[in-house]
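Chain and residue survey
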Amino acid sequence: MLRPAAAADLPRLTALAGDPGVAGALSTDAAGQLAVTDDGEAGELLVIEHRGIVVGGVRWVRVNRRSRIADVRTLMLEPAVRGRGLATAAVRELASRLVEQRGMHRIEAEVYGFNAPAQRVFERAGFVREGVRRRAYDRAGEWQDGIRFGLLADELTR
Ligand SMILES: CC(C)(COP(=O)(O)OP(=O)(O)OC[C@H]1O[C@@H](n2cnc3c(N)ncnc32)[C@H](O)[C@@H]1OP(=O)(O)O)[C@@H](O)C(=O)NCCC(=O)NCCS
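Computed from a predicted model, the values in this text were never measured in an experiment.

1. Description of the overall build of the protein
A count of helical and extended segments in the protein gives 4 helices and 7 strands. Along the protein, helices (α) and strands (β) appear in the sequence β-α-α-β-β-β-α-β-α-β-β when read from the amino end. Here the protein has a C-alpha radius of gyration of 15 Å; the compact-globule value for 158 residues is 15 Å, and the two agree. Each of the 158 residues in the protein was classed as buried or not, and the buried ones make up 43%. As presented, the protein carries roughly 8,500 Å² of accessible surface, and 48% of it is formed by carbon and sulfur atoms.

2. Observations regarding the environment of Ala 17
Within the secondary structure, Ala 17 is located in helix α1 (residues 10-18). In sequence terms Ala 17 and Leu 75 are 58 residues apart; their C-alpha atoms lie 9.2 Å from each other. Here Ala 17 is in contact with Val 22, Ala 23, Leu 26, Ala 31, Leu 34 and Met 76, once residues within four sequence places are set aside.

3. Let's talk about the site of the ligand
In the vicinity of the ligand there are 23 residues, among which Leu 75, Gly 83, Thr 88, Asn 115 and Arg 120 approach most closely. Between an oxygen atom of the ligand and a main-chain N or O atom of Gly 85, the distance comes to 2.8 Å. Protein chains bury 73% of the 960 Å² of accessible surface belonging to the ligand in isolation. Here the ligand is seated within the largest pocket.

Rules and cut-offs
- Residues numbered from 1 in each chain as written.
- Predicted model: local features only at pLDDT ≥ 70, side-chain atom pairs only at ≥ 80, totals over all residues.
- Heavy atoms only, no water.
- Helix = DSSP H or I, 4+ residues; strand = E, 2+ residues; numbered from the N terminus.
- Rg over C-alpha atoms; globule rule 2.2 N^0.38 Å.
- Buried < 20%, exposed > 50% of the residue type's maximum accessible area, 1.4 Å probe, protein only.
- Areas by Shrake-Rupley, 256 points an atom, 1.4 Å probe, with all protein chains shown as cover.
- Contact = heavy atoms within 4.5 Å.
- Near = heavy atom within 4 Å.
- Polar contact = N/O pair within 3.5 Å; in protein donor to acceptor, adjacent residues only side chain to side chain.
- 1 Å grid on protein atoms, 1.4 Å probe; cavity = no way out; pocket = protein on both sides within 12 Å on 5 of 7 lines; lining within 4 Å.
- Sits in = over half its atoms within 2 Å of the grid points.

In structure tokens, the structure reads:
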């Protein structure tokens, strides 16, 4: 269901990241951060497929090499396929890949306080809500909390 993005996927993923229903839930620089990398050492952009069709994307970034920490970023699904558990399945699959193939010890994510569906997705995928960065982000002139999520390698549910 997840596969590394190819250059041909970039226009579609960039358009999705810029969609008004998606852009407001992502960090302000998300669309500009989408890139295809060669070796996946520092991070990777992946596409989410459903029945062979690209329906979204997600990327991860290695944020601490020594302590083997990866950050999940830019999770996004086409509006037409939401509400079926595809995002939760994608986050679960990504967490397994990061632990089993990349040897990560810890996986992190941060979600805006107003983004209830995304918070639910990380909780359903087994992440622990670890704290709130209060009024951390200025979005369109309003301060928004950042909710921190974390998952340890030995907390992976199979
Ligand atoms: C976040 C996103 C990927 C989730 O996709 P999705 O298809 O709705 O995800 P899922 O179906 O796997 O799960 C959504 C969960 O949120 C719940 N949910 C949906 N809307 C909700 C709301 N307004 N309040 C609370 N929970 C809500 C659903 O019931 C579901 O929970 P459940 O599994 O217990 O029933 C999708 O909404 C999206 O692309 N949003 C725009 C970009 C974004 O917010 N990205 C996250 C950045 S951190």
